[in-house]
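Structure at a glance
What follows is each chain in one-letter form.
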Amino acid sequence: MKGLHFNIHTKIIAGYLFILICLVLSLLIVMNRMSAMQQEVDFVSQHDIEVHNLANQIQKNVLDMETGMRGYVISGNEEYLEPYNTASRNWLDNFNKLHSLLASNGAQQRNLEEIKPLIQNWVTNSAENVVNQKKINNQAALDQHFNNNKGKKMTDELRAHFDSFLENQKSLTSKRVEQLNQDNNNLKITLYGLIIMVTLITIATAVFLSNSIVKTIKQVVRTIRSVTDSRETEVDLSTRIEVSTHDETQELAEAMNELLSNLEKQNWVQKGVAEISTMYQGMNDLTELTHAFISKLTPMLDAVYGVVYLRKNQGSEVRYVKEAGYALVSEEEEAESFRLGEGLIGQAAMDKRIFLIDNLPGEHFKVASGLGESSPRNLLVAPIMVDGRVEAVVEFAAFQPFMAQHLTLLDLLQDKFGSAITNVAGRMEVERLLGESQVLTEELQAQSEELQAQSEELQMQQEQLRITNEYLEEQKQYAEQRAFDLKKAKDELEEYSRKLQLSSQYKTDFLANMSHELRTPLNSILILSQMLMENDDEMDNSEVKDSSRVIYTAGSDLLRLIDDILDLSKIEAGKIEILTDEVNVTEIPQMMKNMFNPVAAKKNLTFEVHTAANVPAVITTDGQRLQQIWKNLLSNAFKFTEQGCVTVNIEHACREKLEELLPGLNEDEIVLAISVSDTGIGIAKEKQEIIFNAFQQVDGTTNRQFGGTGLGLSICREFTRLLGGAITVESEPEKGSTFTLYIPGRLEAAEYALQLEQLALNEAAVSVSEIEELPTVNKEPETVEEMEAEASDDDQLFKGKKVLLAEDDRRNVFALVTALEKKGVKVQVAENGKSAIEFLQKQADFDLVFMDIMMPVMGGYEAMKVIRQDLGMERLPIIALTAKAMKGERDKCMEAGASDYIMKPLNINQLFSLMRVWLTQQVNEE
């Protein structure tokens, strides 16, 4: 084994292979034992269990035969023979299977064979005999059989044999299980022994391999530590590592020895560079510098001769002159200086490279000592360069050849020594120039003082000039910015003035239109009311009714005009309410015809409504606002059409048109298009946009010819925008116009839609604008019976009721008192809220109170609060009368204490309806 040399890789593989072989052998032994145990376990789990199952099955077959036989004997029902017959067929098969399984156990097989004749004897002599006797209904034979207990003795003997057989089989199974447990314990012991043995072998192998590997590595480490710890301040790089192994550790040691050699050389070079570099400090003379350099470096290079030649400029010629030497023999004039390219010195300066010459002839030159002279055999000539220029050339001679570290040291010293030469030469030149400059400084000092005074004066003037320029520049920029701002403000004022003038013109035209629109119905109201007032029974009832109808119609027109102005103001203030609900589209055509057929007939116009087949039956939007839009469009169409026709088309909107008008709409959204076409006066293209602006029509003549305020289309456009749709117009003068309304099929409800809807429903019963009707619409008259029944009910409900009316307007007082007294109501009038409170304090038996809101002395709000809080009349019905058609007016009245409210101008039927509700509620409470 000593002649074999294993490397670390081979040692590790051999150790792992040895351990692996041990593990494989151990696993084979364990697997062999486990296989044997598995066979034994399989025998117990299959053979013994099967034996037990078959024995139990045979016993069960016998029990089934006995049970079926007894059930048949007792009941006589042959269904009980079914388990008997099945068991009699199967027990022999089970017996044969069990007998074959016990082939390896002769004793148990013999025990089993003793059971077979007992079963056959019982079946033949007992069971079949009893069944046959029962079939022939021989009750005497059956009684004799059971009295002798012959069958019972057979079954008892059979059970005894079965118990003995099963007991023996259980005993055998227990012995096998005990043997399995013993084998299992032996296997555990074997396994533990193998684990311990393999572990010991593994540990021994690991210790052997680690010792063989680590021993040599520790030797290398000890050697490295001895090298690094040899001195406190320096590292001993001369020490070498020695190993006796022939593996990778030997290669590591050799590499380490080579590294130490290289480090020793580099350390020598670095020390030499550091020693010579520190020597330059404090030197200001070139001769001293060169002498110190050559004296220090020559012994380091193991040379016996050295000389330094410095660059000198002699006119236009460059020469290298000897400046210092080491161990010089004689002063020869021809060796004092060299030109470029002259000798090895000049050639080294010209080529800028090192010359290394070996085996010099003996007569080249000699080095003398006290004992004699010797001839150096090796010569080294090297240039000293700074920034690519040769500042000096050094020459060395030695008896021994120059080493690589010598050349490295010289190469590293080139830049440092050259820089030192230039620095010292520069300092010497500076000292020379400094002496000359001191003389010149004294001469210039006087002139400098004079120039300084002049410079200070000029600086002051320059600073003043700079400040003046900066101020002028700021003034210029400010003036330019001011001029720009003034021009911009002027342009804005001119534009605002133009818009103000245009708006003033629009407002003037609107006021003129309003004056006309208001004066026309007021004129008829004043004339007819004066005629009624001056009537001396000259007018018959028909004339009075016609005058009253005209007055009512004129008042309705005034109310409608006021509602339009209020709608526009609500839209501009952003307070309009949108209530979403389902709108039946199929009812719209009939509603249009009912409203405008009389108008068309009156003007001899054709009126048609066409509905496309694919139009949805129901859409979700604000039905009231939608109706107001198409009513305004149809009213305009009939107003501006003198002959021809008015046509309405209801259909699905074109998708391309929707992408232009409603770009943010979903693609699957259904949009309804309602177009109103007429053959009227038409609208010029440049006027089609302004007709949607408030207070504007096409021109002044339009209003004078056709009337109107110019609010309808503006309200239509704003309502359309609130409903999420758009409205367009196509028209040509004298050919007619087509207004198309685009309404989405689903309008999302607002945040408080439910509250607003409920508020609108509550106000519907008391708001005049909500029940506004066109005068041309004819309603079905009530039957005489219905009118008489309603009058009879009112007479019974209203007659004798006491009502307190708080109203300061005598005209309203007269109208209300007249209407209420006709119903048999007793009315007490109070001029203001304070008077109403006094009446209630004197007598509290009023059934109802009508409270006006705007009154002198004390208004309706304050009076209702006093009635509710101070007088404690919580259950007294109070109906507020208000002319304020503003948002939130109802809530304000309810908070003050009103039970309900109604808006002016009052509709008398609506007033009676409210009274009927509250008086009925009072009667029910009583």
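What you see is a predicted model; the values in this text were computed from it and never measured. (Residues numbered from 1 in each chain as written. Predicted model: local features only at pLDDT ≥ 70, side-chain atom pairs only at ≥ 80, totals over all residues. Heavy atoms only, no water.)

Time to look at the nonpolar core. Counting 41 residues, the largest nonpolar core has M592, F607, L626, L634, F638 and V648 as the members making the most contacts within it. Where this core is concerned, the elements lending two or more residues are α11 (588-603), β10 (606-611), α12 (623-639), β12 (645-652), β13 (671-678), α15 (712-722), β14 (726-732) and β15 (736-744). Ranked by residues supplied to this core, first place goes to α12 with seven residues. Setting aside its immediate chain neighbours within four residues, F607 contacts M592, K593, F596, N597, A600, L634, F638, V646 and V648. Within the second largest apolar cluster, 33 residues are counted, among which are I276, M279, Y280 and A382. (Core = buried A, V, L, I, M, F, W, Y, C linked by side-chain atoms within 4.5 Å. Buried < 20%, exposed > 50% of the residue type's maximum accessible area, 1.4 Å probe, protein only. Helix = DSSP H or I, 4+ residues; strand = E, 2+ residues; numbered from the N terminus. Contact = heavy atoms within 4.5 Å.)

Below, the discussion takes up the packing of helix α20 (residues 860-870) against helix α21 (residues 889-896). At a minimum axis distance of 8 Å, the contact between α20 and α21 shows a crossing angle of 35°. Residues Y861, M864 and K865 of α20 form the contact with α21, whose participating residues are E889, K892, C893 and A896. (Axes fitted to C-alpha atoms, helices over the stretch in contact; angles between N-to-C directions.)

The next point concerns helix α19 (residues 833-842). Within α19, the full set of buried residues consists of G833, A836, I837 and L840. Buried residues of α19 fall within an arc of 100° about the axis and therefore sit on the same side. For α19, the exposed residues set more than 90 degrees away from the buried face come down to Q841 and K842. If you follow the buried residues of α19, they end up packed against β16 (802-806), β17 (826-830), β18 (848-852) and α20. Where α19 starts, the residue carrying a side-chain oxygen 3.1 Å from the main-chain nitrogen of K834 turns out to be N832. (Arc of directions from axis to C-beta. Polar contact = N/O pair within 3.5 Å; in protein donor to acceptor, adjacent residues only side chain to side chain.)

With their axes 9 Å apart at the nearest point, helix α3 (residues 106-135) and helix α4 (residues 139-148) run at an angle of 155° to one another. Judged by the angle between their axes, α3 and α4 are roughly antiparallel. Regarding α3 and α4, the two cross each other, and that crossing is left-handed. Across from N125, S126, N129, V130, Q133 and K134 in α3, the residues of α4 making contact are A141, L142, H145 and F146. Of the residues that constitute the contact of α3 with α4, the class distribution is four nonpolar, five polar and one charged. (Parallel < 35°, antiparallel > 145°, perpendicular 65-115°, else oblique. Left-handed = near helix turned anticlockwise from the far one by under 90°. Nonpolar A, V, L, I, M, F, W, Y, C, P; charged D, E, K, R; others polar.)

Turning our eyes to something else, we now look at the confidence of the model for the protein chain. Averaged over all residues, the pLDDT of the protein chain is 76; the fraction at 70 or higher stands at 80%. A low-confidence stretch, residues 749-787 (pLDDT under 50), is modelled with 45 contacts involving residues beyond four sequence positions or located in other chains. (pLDDT = per-residue confidence, 0-100.)

Pairing is mixed across the open sheet formed by five strands, whose spatial order is β10-β12-β13-β15-β14. The open sheet has two free edges, formed respectively by β10 and β14, since each of these has just one partner strand. Taken over all neighbouring pairs, the strand axes of this sheet differ in orientation by 10° on average, direction set aside. The strands touched by α11 within the sheet are β10, β12 and β13, with β10 carrying the most contacts at an inclination of about 175°. Lying on the sheet, α12 is in contact with β10, β12, β13, β14 and β15; it crosses β13 at an angle near 20°. (Pairing = 2+ DSSP bridges.)

Now for the pattern of salt bridges. Scanning the entire structure with this criterion turns up 13 salt bridges. The closest approach of N and O atoms between E718 and R721, which form a salt bridge, is 2.9 Å. Residue E718 and its partner R721 are both found in helix α15; the two are separated by three residues, about one turn of the helix. Among the salt bridges present, the one from K802 reaches D845, with a minimum N-O distance of 3.1 Å. (Salt bridge = Lys/Arg side-chain N within 4 Å of Asp/Glu carboxyl O.)

A few words now on the sheet that holds strand β3 (residues 337-339). An order of β3-β2-β1-β8-β7-β4 is seen for the six strands of this open sheet, with the pairing classed as antiparallel. The two strands at the open ends of the sheet, each matched to only one other strand, are β3 and β4 (355-357). Taking each pair of neighbouring strands and ignoring which way they run, the sheet shows an average axis angle of 20°. As judged from the three bridges shared by strand β2 (residues 317-326) and β3, these two strands associate in the antiparallel manner. In the strand pairing of β3, Y320 is matched with F338. Sheet strands touched by helix α7 (residues 286-300): β1 (305-314), β2 and β8 (389-398). Its angle to β2, the strand with the most contacts, is close to 60°.

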